[in-house]
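Observations on the three-dimensional arrangement
One letter stands for each residue in the lines below.
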Amino acid sequence: MRIVMIGSGYVGLVSGACLADFGHQVVCIDKDESKISRLREGKIPIYEPGLEDLVARNVAAGRLSFSTDLAQPVWDADCVFIAVGTPARRGDGHADLSYVHAAAAEIAPWLTGFTVVVTKSTVPVGTGDEVERILRDANPKADVAVASNPEFLREGAAIEDFKRPDRIVIGIEDDRARPVLEEVYRPLYLNQSPILFTGRRTSELIKYAANAFLAMKITFINEVAELCERVGADVQEVARGIGLDNRIGRKFLHAGPGYGGSCFPKDTLALVKTAEDAGAPIRLIETTVAVNDTRKRAMGRKIIAACGGSVRGKTIAVLGLTFKPNTDDMRDAPALAIIQALEDGGATVRAYDPEGMEAAKSMLPTVAFASSPYDAAEGASAAVIVTEWDAFRALDLRRLRGLMVGDALVDLRNIYQTEAVEAAGFVHTSVGRGLQP
Ligand code: NAD
């Protein structure tokens, strides 16, 4: 198959490289010239484990290439994926579809022969109809089928997720798209990954319903964590106790500082807006969004409380900035709101993250960036674990404590046991572990 991927970000680049690895001929397109020139030099613009090797291998095999010019690749293509960003629109929280619409308009003139155009971006119900209208208006002669194929990969485990997905969802309105997409995903089909063919609108909604459900599950356990703290229960044991029930499942039951990242915040909000507009409001998700928004700042207050009620004039070491480990993605990371709350309280923040500091620098201009967790802790009143990077799981706690002027360790991911932390001379604050009244 000759495949074009429009947008070479976290999703487009991983998907393009994996599809090339399946044996397809893939051209990844991006408007960002610096991104494409770096890719052509073999440099990967994002941090994603395994991606550099995968890209290098497929470029060397002649199956993967990069371009800023989509004309010839689209002309040659059997299948064109749109994997551009769909951020929340400023002001109203609806998904901003301007990049998707622009990509469709750019593709349209170059479509020749039968081509399947697929939205891989997360897009609200009805976007496929609009993409089809844009293509047909711009190029009435185009022989095109527009499909929806939402992506479920997780940053940090993206290649594994793409190659061994729980399921592949494909929404089509024109049956001619089916064999083309079956061929695109044939290696996964042989792997027995379930492929679910649905209508286009259903497929679009599946993605939002999935993300909203997961965000709701996280928010549920976060609220249970609050309750645990008040009543002397342990949220990790509650999570295990309910998660072992197969109807509930153990995943996404880790209490923490609130969900963040490039998907859940914007996708929950967009679903709320879609549902409102359709006259079928989803109140559970409205509440999820509201609860999660307040939680991040509440974590700031939790840290301030651990510092004796004030952080004015104090230094706080923040360990972990990205919204989760194994990515450099800083979009909507809880660390941003937490740091804001600390700075509002008069603190100076010294931060360390294994991969996220480059992206964080422009977002956090007043933060001092450290070269290690120990460097961040120098002179700090409190050390706060915001992201559960492996590098933070086996810290030399005595050394850390020895570098600090205060004794607070705030563990927002519950990666340490209180006994170990106290043995190193810290006062431990964790999430959802209440003291017996
Ligand atoms: P991203 O911002 O990392 O990448 C988007 C890329 O598209 C950018 O490099 C941008 O320059 C490029 N672009 C924009 N308009 C273009 C155009 N007209 N032509 C060529 N390139 C163009 O975004 P992402 O994280 O990869 O997300 C892409 C989509 O996938 C979003 O809808 C997102 O919701 C969805 N998604 C993301 C994830 C994730 O974990 N990041 C997971 C599943 C789904």
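Conventions used here
- Residues numbered from 1 in each chain as written.
- Predicted model: local features only at pLDDT ≥ 70, side-chain atom pairs only at ≥ 80, totals over all residues.
- Heavy atoms only, no water.
- Core = buried A, V, L, I, M, F, W, Y, C linked by side-chain atoms within 4.5 Å.
- Buried < 20%, exposed > 50% of the residue type's maximum accessible area, 1.4 Å probe, protein only.
- Contact = heavy atoms within 4.5 Å.
- Axes fitted to C-alpha atoms, helices over the stretch in contact; angles between N-to-C directions.
- Helix = DSSP H or I, 4+ residues; strand = E, 2+ residues; numbered from the N terminus.
- Parallel < 35°, antiparallel > 145°, perpendicular 65-115°, else oblique.
- Left-handed = near helix turned anticlockwise from the far one by under 90°.
- Nonpolar A, V, L, I, M, F, W, Y, C, P; charged D, E, K, R; others polar.
- Salt bridge = Lys/Arg side-chain N within 4 Å of Asp/Glu carboxyl O.
- 1 Å grid on protein atoms, 1.4 Å probe; cavity = no way out; pocket = protein on both sides within 12 Å on 5 of 7 lines; lining within 4 Å.
- Points joined across faces, edges and corners; volume = space filled by probe spheres on them.
- Disulfide = S-S within 2.5 Å.
- Expected span 1.5 Å × (residues − 1).
- Pairing = 2+ DSSP bridges.
- Domains from an automatic or database assignment.
- Buried area = accessible area lost by both parts, 1.4 Å probe.
- Near = heavy atom within 4 Å.
- Polar contact = N/O pair within 3.5 Å; in protein donor to acceptor, adjacent residues only side chain to side chain.
- Areas by Shrake-Rupley, 256 points an atom, 1.4 Å probe, with all protein chains shown as cover.

**Description of the nonpolar core**
With 59 residues, the main nonpolar core has Ile 316, Val 318, Leu 321, Leu 342, Leu 400 and Leu 412 as its most contacted residues. In this structure Ile 316 touches Ile 303, Cys 307, Val 311, Leu 342, Ala 347, Thr 348, Val 349, Arg 350, Ala 380, Ala 382 and Val 384, once residues within four positions along its chain are discounted. If you look at the next biggest cluster of nonpolar residues, it comprises 43 residues, including Leu 13, Val 116, Ala 145 and Ile 159.

**Concerning the packing of helix H10 (residues 200-231) against helix H12 (residues 264-277)**
Two elements in contact, H10 and H12, have axes separated by 9 Å at closest approach and are oriented at 115°. Taken together, the axes of H10 and H12 lie roughly perpendicular to each other. As H10 runs across H12, the sense of the crossing is left-handed. Contacts between H10 and H12 involve Leu 205, Lys 207, Tyr 208, Asn 211, Ala 212, Leu 214, Ala 215 and Ile 218 from the former and Phe 264, Asp 267, Thr 268, Ala 270 and Leu 271 from the latter. Residues that form the contact of H10 with H12 fall into these classes: 9 nonpolar, 2 polar and 2 charged.

**What about the pattern of salt bridges?**
Evaluation of the coordinates by the stated rule reveals 31 salt bridges. The salt bridge involving Glu 155 is made with Arg 331; its shortest N-O contact spans 3.8 Å. Within this pair, whereas Glu 155 is found in the loop between strand E6 (143-148) and helix H7 (158-163), its partner Arg 331 is found in the loop between strand E9 (315-319) and helix H14 (334-344), the two being separated by 176 residues in sequence. The class for Glu 155 is buried, based on a relative accessible area of 11%. In this structure, a network of salt bridges that share partners links the residues Asp 129, Glu 132, Arg 136, Arg 200 and Arg 201.

**Things to note about empty space enclosed by the protein**
Vacant regions in the atomic arrangement are exposed by a probe of water-molecule size rolled over the atoms. Per the counting criterion, the structure on display carries 2 cavities of 30 Å³ or more. In this structure, the largest cavity encloses a volume near 80 Å³. Every residue lining the largest cavity is counted, 13 residues in all, and those nearest its centre are Glu 151, Pro 165, Arg 167, Ile 168 and Tyr 185. Taken together, the residues of the lining of the largest cavity sort by class into 8 nonpolar, 1 polar and 4 charged. Quantified by volume, the second largest cavity comes out at close to 30 Å³. Forming the walls of the second largest cavity are Thr 119, Ser 121, Thr 122, Val 123, Ser 148, Asn 149, Pro 150, Glu 204 and Lys 207.

**Concerning the state of the cysteines**
What the rule picks out here adds up to 0 disulfides. Between Cys 263, a free cysteine, and Cys 18, which holds the nearest cysteine sulfur, the sulfur-to-sulfur gap is 16 Å.

**Quick look at helix H1 (residues 10-21)**
The terminal C-alpha atoms of H1, which comprises 12 residues, lie 17 Å apart, in line with the 16 Å expected from a rise of 1.5 Å per residue. The buried count for H1 comes to 10 of 12 residues, which makes it a mostly enclosed element. When we look at burial in H1, the residues that qualify are Tyr 10, Gly 12, Leu 13, Val 14, Ser 15, Gly 16, Ala 17, Cys 18, Leu 19 and Ala 20. Looking at the residues trailing H1, positive phi occurs at Gly 23, about 110°.

**Structural notes on the layout of surface pockets**
There is about 460 Å³ of room inside the second largest pocket. As for the second largest pocket, its lining consists of 17 residues, of which His 428, Thr 429, Ser 430, Arg 433 and Leu 435 are closest to the centre. Within the residue set of the lining of the second largest pocket, elements represented by two or more residues are helix H13 (283-306), helix H18 (418-423) and strand E14 (427-429). The residue makeup of the lining of the second largest pocket, split by class, is 4 nonpolar, 7 polar and 6 charged.

**Description of the pairing of strand E7 (residues 168-171)**
Here E7 shows a buried face lined by Ile 168 and Ile 170 and a second buried face lined by Val 169 and Gly 171. For E7 and strand E8 (residues 195-198), the ladder comprises 4 bridges, and the chain directions are parallel. If you follow Ile 170 over to E8, its bridge partner there is Phe 197.

**What about the side chain of Asn 58?**
Position of Asn 58 among the secondary structure elements: in helix H3 (residues 51-60). Accessibility expressed as a relative area gives 0% for Asn 58, which makes it buried. Apart from the residues lying within four places of it in its own chain, the contact partners of Asn 58 are Ala 17, Ala 20, Asp 21, Arg 63 and Leu 64.

**Remarks on the domain arrangement of the chain**
What the domain assignment reports for the chain is domain 1 (2-197) and domain 2 (199-437). Listed as interface residues are 39 residues of domain 1 and, on the opposing side, 27 residues of domain 2. Taken together, the two surfaces of domain 1 and domain 2 that pack against each other cover about 2,700 Å², and 53% of this comes from carbon and sulfur. When the area that domain 1 buries against domain 2 is broken down by residue, the three leading residues are Tyr 47, Val 125 and Glu 155, summing to 25%. Where domain 1 packs against domain 2, one counts 4 salt bridges. A salt bridge links Asp 129 to Arg 201, with the nearest nitrogen and oxygen atoms 2.7 Å apart. Counting residues per element, the ones that place at least two in the side of domain 1 that touches domain 2 are helix H6 (127-138), E6 and E7. With 4 residues, the top contributor of residues to the side of domain 1 that touches domain 2 is H6.

**Quick word on the site of the ligand**
Surrounding the ligand, one finds 25 residues, the nearest of these being Asp 30, Lys 35, Thr 86, Glu 155 and Lys 266. A distance of 2.6 Å separates an oxygen atom of the ligand from a polar atom in the side chain of Lys 35. Glu 106 is positioned with one of its side-chain polar atoms (N or O) 3.2 Å from a nitrogen atom of the ligand. The fraction of the free accessible surface of the ligand (840 Å²) that becomes covered by protein chains is 90%. For the shell around the ligand, the elements supplying multiple residues, two or more each, are H1 and helix H5 (98-107). Top element by residues in the shell around the ligand is H5. It accounts for 3 residues. Looking at the shell around the ligand, its residues break down into 9 nonpolar, 7 polar and 9 charged. Counting only domains with at least three residues in the shell around the ligand, you end up with domain 1 (2-197) and domain 2 (199-437).

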